[in-house]
Amino acid sequence: MRKFIFFTVILFSGFFGCDDDGNSNQNNLNNTSNQNNTTNNVTTNNCTNNCTNNQTNNETNNTVNNSTIDPKFAALFEVFESELGEQYTWGGALAVIEGDEITFKRGTGVRDPDTEEPVNSETLFRIGSLTKSLTAISVLQNTQDGIVDLEASLNEYLSDFDLENNPGIISTVKIKHLLTHQGAFYNPWEHDAVDPYRNEDGLYDYYHEVYTQDGYLMAPAGLMYNYSNTGFSLAGLVSEVVSGQYYNDYMIENVFLPLGLSRTFFLAQDVSDDGNYAKGLMSMDGSFDTITPDTYMNPWVRPCGYAWSSVEQLAEYILFLKNGDETVLNNEQRTAMMEPQKSTQEIGDFASYGYGLFIQDGIFVDGQYYNIKLITHNGAVGGYSAYFYYFPELEFGMVFLGSGDYLSFKETLANGLSTLVDLPEPAEFPAEYESNTEKYTEYEGTYIDPNFVGTLNVTKNGENLELYAPELEEQQIAYGTILQPYYLDSFLFSIYGSSFVGTFIYEDGVPKYFRTRFFVGMREDTTKKNLIPPVVDKNRLYDIIRKSSLQEKENIFLP
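Before going into details, it helps to say that this report is about the structure given with it.

1. What about the sheet that holds strand E22 (residues 490-495)?
Stage number 1. Read once around its circumference, the closed barrel built from eight strands follows the order E18-E19-E20-E21-E22-E23-E24-E25, with strand pairing classed as antiparallel. Here the average twist between neighbouring strands, direction ignored, is 35°.
Stage number 2. Summarising the sheet, E22 and strand E23 (residues 498-507) pair through six bridges and their orientation is antiparallel. Across the sheet, residue Phe491 finds its bridge partner in E23, namely Gly502.

2. Things to note about unusual backbone geometry
Stage number 1. In this structure, the amide linkage connecting Asp195 to the following residue, Pro196, adopts the cis form with an omega of 10°.
Stage number 2. Examined against the element boundaries, Pro196 turns out to sit in the loop between helix H5 (175-179) and helix H6 (202-214).
Stage number 3. Located in the positive-phi region is His181, a residue other than glycine, with phi close to 60°.
Stage number 4. The residue His181 is located in the loop between H5 and H6 in this model.
Stage number 5. Non-glycine residue Tyr496 carries a positive phi angle of around 55°.
Stage number 6. Position of Tyr496 among the secondary structure elements: in the loop between E22 and E23.
Stage number 7. A residue is classified by how much of its surface remains accessible, and Tyr496, at 23% relative accessible area, is partly exposed.

3. Examining the pattern of salt bridges
Stage number 1. Under the definition given, this model contains 14 salt bridges.
Stage number 2. The residue Lys279 makes a salt bridge to Asp112 at a minimum N-O spacing of 2.9 Å. Pair noted here: Lys279 is in the loop between helix H9 (268-274) and strand E8 (280-284) and Asp112 is in the loop between strand E6 (101-109) and strand E7 (125-126), with a separation of 167 residues, a long-range link. For the pair shown, Lys279 and Asp112 are each scored as buried.
Stage number 3. Measuring nitrogen to oxygen at the nearest pair gives 3.3 Å for the salt bridge that ties Glu395 to Lys322. With Glu395 in the loop between strand E16 (384-391) and strand E17 (396-403) and Lys322 in helix H11 (residues 311-323), the pair connects residues that are 73 residues apart, well separated along the chain.
Stage number 4. Bridged by salt links that share partners, the residues Asp100, Lys322 and Glu395 form one connected network.

4. Description of helix H3 (residues 71-85)
Stage number 1. With 15 residues, H3 extends 21 Å from end C-alpha to end C-alpha; this agrees with the ideal 21 Å at 1.5 Å per step.
Stage number 2. Of the positions making up H3, those classed as buried are Phe73, Leu76, Phe77, Phe80, Glu81, Glu83, Leu84 and Gly85.
Stage number 3. A distance of 2.9 Å separates the backbone nitrogen of Lys72 from a side-chain oxygen at the start of H3, and that oxygen is part of Asp70.

5. Observations concerning the packing of aromatic side chains
For any pair of aromatic rings, the description consists of the separation of the ring centres together with the inter-plane angle of the planes.
Stage number 1. One pass over the structure, following the stated rule, counts 53 aromatic pairs.
Stage number 2. Ring centres of Tyr206 and Trp300 lie 3.7 Å apart, and the angle between their planes is 5°; this geometry places the pair in the stacked category. In this pair, Tyr206 sits in helix H6 while Trp300 sits in the loop between strand E9 (287-291) and helix H10 (302-305), placing the two residues 94 residues apart along the sequence.
Stage number 3. Measuring from ring centre to ring centre gives 4.5 Å for Phe500 and Phe518, while their planes differ by 75°; the resulting arrangement is edge-to-face. Residue Phe500 is located in strand E23, and its partner Phe518 is located in the loop between strand E24 (510-515) and strand E25 (520-523); the two are separated by 18 residues in the primary sequence.
Stage number 4. Overall, Phe500 belongs to the buried group, its relative accessible area being 2%.

6. Quick look at the pairing of strand E18 (residues 445-449)
Stage number 1. In terms of burial, E18 is a largely internal element, five of the five residues being buried.
Stage number 2. Residues of E18 alternate between two faces, with Gly445, Tyr447 and Asp449 on one and Thr446 and Ile448 on the opposite face, all of them buried.
Stage number 3. In this structure, the hairpin formed by E18 and strand E19 (residues 454-461) is closed by a connection of four residues.
Stage number 4. Bridge count for E18 against E25 is two bridges, and the pairing is antiparallel. Within E25, the residue paired with Tyr447 across the bridge is Arg523.

Each value, and the rule that gives it
- Residues numbered from 1 in each chain as written.
- Predicted model: local features only at pLDDT ≥ 70, side-chain atom pairs only at ≥ 80, totals over all residues.
- Heavy atoms only, no water.
- Pairing = 2+ DSSP bridges.
- Helix = DSSP H or I, 4+ residues; strand = E, 2+ residues; numbered from the N terminus.
- Axes fitted to C-alpha atoms, helices over the stretch in contact; angles between N-to-C directions.
- Buried < 20%, exposed > 50% of the residue type's maximum accessible area, 1.4 Å probe, protein only.
- Salt bridge = Lys/Arg side-chain N within 4 Å of Asp/Glu carboxyl O.
- Expected span 1.5 Å × (residues − 1).
- Polar contact = N/O pair within 3.5 Å; in protein donor to acceptor, adjacent residues only side chain to side chain.
- Phe/Tyr/Trp six-rings, centres within 6.5 Å; stacked < 30°, edge-to-face > 60°.

Shape descriptors only; they carry no functional weight alone.
Encoded structure:
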């Protein structure tokens, strides 16, 4: 039987599908974790039956797909199959980009445990938050055409969109904030939309009828990076409104087909008609669900993470990012996608976000640090995992897709970097990113989040930074009382046993905010008047954490 061996990305919040499509328990800095999982109304399967006989499935698949593997890639593919075989999944695929060529593409395992049809490089998987950079292209196309201004207010294009609890606040959100996770929008999440928001009008109607009543900004727009599915959904809505086309239609006509991604889809019917797709495997509390193209659909989160594609198509997309195609997007805008637009501040300025893409200054391979740039994103949406990595200086990239939650391809990527490219000499990891206990007294204070957890009292006790949350105590909600050092101004803390990255965000030389993916606490003594914390809604808190677990993603490039 395949085993659970999970590695959790912590740096890339995001990370993500939408990167909030499951649950994670991040327990230590060694990136090992135990995962809790999302619930959906789908038929439960016994994974003991469906996930066994992995060796038999791989042997069958090898006969169909892998009999002519170039010896150059034999070791890589062996590691890939072994790594997948240690996790709960039916199959996966990978592709390798070297220079201007896709030099290797292959699948393993099966698309469907009932038919045992093999996965190949053309098999479609849901790609989660890899969708975000495709949505960014749609907005940047309208920018280069003079239809959208990145510096303009969101209300310039969604004039009738506002938040009832804070009228006028949307005017402070700029279009560029949507593409760089600076909008500070609260993130609701539903895998499957409810009527009447399941049709093509659902993207527009949900935000104008539901989010306008329930939504809020967690911090001032533009102040900080805070990974946001809502921001990218609204970016897709902007493209829909200014073009006069439904988001799906715009993406097919102006992004997918011009990029040569003729088998990249959003609609379940398109995927089913194509036929070569992988069923997903969603794990939840010890049981397992089969995910099909029509298991869930949600037009109002589609722009942040609901596309289907293959490793072959995504490898072609990486070549577009590398070489460009001005019939799709001019080189200025394409280059800007891969340049730091906003630091994540989770490890100082070591990692940043461009337009729909993460940028990292260096990587760790087999315990050694290398000062080489990385362009990346990952995706996780119920039953599927997706990753792509591109190293511009090496002209090397890899794409991974799999049917299963929280899959890791850490060992395969490390093997590819070690055997297929010439890495530079190892370097020293910058010391300024290490946690510094001398700063702990600066963090001390009371941080208030009026919408989620209430009051957080942070104090220094010896060599520890301690946390006391009275509203969580009153509701008997378990949380960690010690903030575990991560890097620089970031710490790990836990609620309901799930660990998250919290970062103290400075303004005017003072840590004024404690930011997480789920909430932002404002320091009480920096406000004009003290905020009155609410009584925490225990059920809502649990539901948001349960539905939004993969916000903190595995960073396989940190020690």
